[in-house]
Amino acid sequence: MRSSITAHHQAQIVLVHQHLPALADHRLIEYDPRSQTIRYRGSTASEAFLKY
């Protein structure tokens, strides 16, 4: 029996291991991988960017 990774599971892996840490490195979010907690702390620069 072969196991397969669904598109949803693959997207989750990429999000957790690549995108969330990158957003945290740029201080757009706070991310705690142990508790899987994500906090968004708005700023004027990110709010202006999100309008576009």
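It should be emphasised that the depicted structure is a prediction, and the values quoted were computed from it without experimental measurement. (Residues numbered from 1 in each chain as written. Predicted model: local features only at pLDDT ≥ 70, side-chain atom pairs only at ≥ 80, totals over all residues. Heavy atoms only, no water.)

Asker: Any chance you could explain the environment of Ile 29 here in plain terms?
Answerer: Inspection of the secondary structure puts Ile 29 in strand β1 (residues 29-32). C-alpha of Ile 29 to C-alpha of Tyr 40: the two residues are 11 residues apart in sequence and 4.6 Å apart in space. Those residues in contact with Ile 29 that sit more than four places away from it in its chain are Leu 20, Leu 23, Ala 24, Ile 38, Arg 39 and Tyr 40. (Helix = DSSP H or I, 4+ residues; strand = E, 2+ residues; numbered from the N terminus. Contact = heavy atoms within 4.5 Å.)

Asker: What am I meant to see in helix α1 (residues 7-25) here?
Answerer: Since one α-helical turn is 3.6 residues long, residues separated by three or four positions face the same way. Taking 1.5 Å per residue as the helical rise, α1 with its 19 residues ought to reach 27 Å, and the 26 Å between its terminal C-alpha atoms agrees with that figure. Of all the bends in α1, the greatest, near 45°, is centred on Leu 15. Backbone geometry just downstream of α1 places Arg 27 in the positive-phi region, at approximately 60°. (Expected span 1.5 Å × (residues − 1). Bend = angle between axes of the 7 residues up to and from the residue.)

Asker: Can you help me understand the pairing of β1 in this one?
Answerer: Residues of β1 alternate between two faces, with Ile 29 and Tyr 31 buried on one and Glu 30 and Asp 32 left unburied on the opposite face. Two strands pair when backbone bridges link them, and β1 and strand β2 (residues 37-40) are joined in this way by 4 bridges, in the antiparallel orientation. Bridge pairing in β2 places Ile 29 opposite Tyr 40. In sequence, β1 turns back onto β2 through a hairpin of 4 residues, with Gln 36 there showing a positive phi of about 55°. (Buried < 20%, exposed > 50% of the residue type's maximum accessible area, 1.4 Å probe, protein only. Pairing = 2+ DSSP bridges.)

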